[in-house]
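In case you want the letters, here they are:
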Amino acid sequence: MIESENYNRTKAACYLGFVTQAITANFVPLLFLTFYRTYGISYTKLAFISFTFFLTQLIVDFLCAKFVDKIGYRKCIIVAHIASGLGLILLAFVPDICPDSYAGIILCVIIYAIGSGLIEVL
């Protein structure tokens, strides 16, 4: 009975991972028009936000594939979800408190891309 419960928890964690990845990959592009109007960010910089997300995720994929076995899957998946959530939460207020809103957005995108990259590896 306990094995079945652990399997159900694992399945739930995997499904949560899929949802988290979908949110992190698609949320900021939905806000491009808002960023353009609110912060005056150019179209070139808006495109660079997506580039930064996918590049960070790709780097994490390559680096963490080697280290996940040593660190442990459970610890890595917890860190991945924390990083993804933290990046999204910080996105709510960091651009407003940073002197350069664009730098704040990029920082948040990098944080949640690290989590998303870890989720992708796991």
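Here is a short report on the structure shown in this document. Please read all numbers here as calculations on a predicted model, not as lab measurements.

Tallying secondary structure elements over the protein gives six helices and zero strands in all. Secondary structure of the protein in N-to-C order comes out as α-α-α-α-α-α. A principal-axis box enclosing the C-alpha atoms of the protein has dimensions of 55 × 25 × 20 Å. Counting all 122 residues of the protein, 34% fall into the buried class. When contacts within the protein are restricted to residue pairs at least 6 apart in sequence, those whose partners lie at least 24 apart make up 79%.

Okay, the state of the cysteines next. Inspection of the entire model under this criterion finds zero disulfides. In this structure Cys64 is not part of a disulfide, and its nearest cysteine sulfur, from Cys76, lies 6.6 Å away. Not part of a disulfide, Cys108 finds its nearest cysteine sulfur in Cys98, a span of 7.4 Å. Judged by relative accessible area, Cys108 falls into the buried class, the value being 0%.

Before going further, it helps to examine the side chain of Thr20. Within the element layout of this structure, Thr20 appears in helix H1 (residues 2–30). Thr20 has contacts with His81, Ser84 and Ile119, leaving out every residue within four places of it along the chain.

Before going further, it helps to spend a moment on the layout of surface pockets. In this structure, the largest pocket encloses a volume near 460 Å³. Of all the secondary-structure elements, those providing two or more residues to the lining of the largest pocket are H1 and helix H4 (73–90). A total of nine residues in the lining of the largest pocket trace back to one element, the largest contributor, which is H1. Of the residues assigned to the lining of the largest pocket, the class counts are nine nonpolar, five polar and two charged.

Let us look at empty space enclosed by the protein. One pass over the structure, following the stated rule, counts one cavity of 30 Å³ or more. Elements with a contribution of two residues or more to the lining of the largest cavity: H1 and helix H3 (43–71).

This part is about the environment of Thr38. Its place among the elements puts Thr38 in helix H2 (residues 32–39). As for Thr38 and Ser101, which are separated by 63 residues in sequence, their C-alpha atoms are 9.7 Å apart.

Below, the discussion takes up the nonpolar core. The tendency in soluble globular proteins is for nonpolar side chains to be buried side by side. Counting 17 residues, the largest nonpolar core has Val28, Phe35, Ile49, Ile105 and Val109 as its most contacted members. Counting only elements with at least two residues in this core, the list comes to H2, H3 and helix H6 (101–121). With seven residues, the top contributor of residues to this core is H6. Contact partners of Val109, with chain neighbours within four places excluded, come to Val28, Ile49 and Phe53.

This part covers the packing of H4 against H6. Put simply, H4 and H6 touch, their axes get as near as 7 Å, and they point 155° apart. The angle between H4 and H6 falls in the class roughly antiparallel. Of the two possible hands of crossing, H4 and H6 adopt the one that is left-handed. Here Cys76, Ile77, Val79, Ala80, His81, Ala83, Ser84, Leu86, Gly87, Leu88 and Leu90 of H4 lie close against H6, whose contacting residues are Cys108, Ile111, Tyr112, Gly115, Ser116, Leu118 and Ile119.

So, how was this worked out
- Every chain is numbered independently, its residues counted from 1 as its sequence is written.
- Given that the model is predicted, a residue must reach a pLDDT of at least 70 before its local features are reported, and side-chain atom pairs must reach 80 or more before they are shown or counted; all residues, however, enter totals for whole chains, interfaces and linings.
- Only hydrogens and water are removed before side-chain values are computed, so all heavy atoms of the structure are retained for them.
- Helix and strand labels come from DSSP, where a helix needs a run of H or I of at least four residues and a strand needs a run of E of at least two; each type is numbered from the N terminus.
- Burial classes: relative accessible area under 20% of the type maximum marks a residue as buried, over 50% as exposed, and values in between as partly exposed (1.4 Å probe, protein chains only).
- Residues are treated as being in contact if the distance between any of their heavy atoms lies within 4.5 Å.
- Cysteine sulfur atoms that pair up within 2.5 Å are treated as a disulfide.
- As defined here, a cavity is a set of points on a 1 Å grid over the protein atoms alone where a 1.4 Å probe fits but cannot get out. A pocket is an open set with protein on both sides within 12 Å along at least five of seven lines, and residues line them when an atom is within 4 Å of a point.
- Grid points are joined across faces, edges and corners, and a volume is the space filled by probe spheres set on the points.
- The nonpolar class holds Ala, Val, Leu, Ile, Met, Phe, Trp, Tyr, Cys and Pro. Asp, Glu, Lys and Arg form the charged class, and all remaining residues, Gly among them, are polar.
- Note on terminology: a nonpolar core comprises buried Ala, Val, Leu, Ile, Met, Phe, Trp, Tyr and Cys residues joined through side-chain atoms within 4.5 Å.
- Fitted lines through C-alpha atoms serve as axes, helices being fitted only where they are in contact, and the angles separating the N-to-C directions of these axes extend from 0 to 180 degrees.
- To sort the angles, those under 35 degrees are grouped as roughly parallel, those over 145 as roughly antiparallel, those from 65 to 115 as roughly perpendicular, and the leftovers as oblique.
- By convention, the crossing between two helices is left-handed when the near helix turns anticlockwise from the far helix through less than a right angle, and right-handed when the turn is clockwise.

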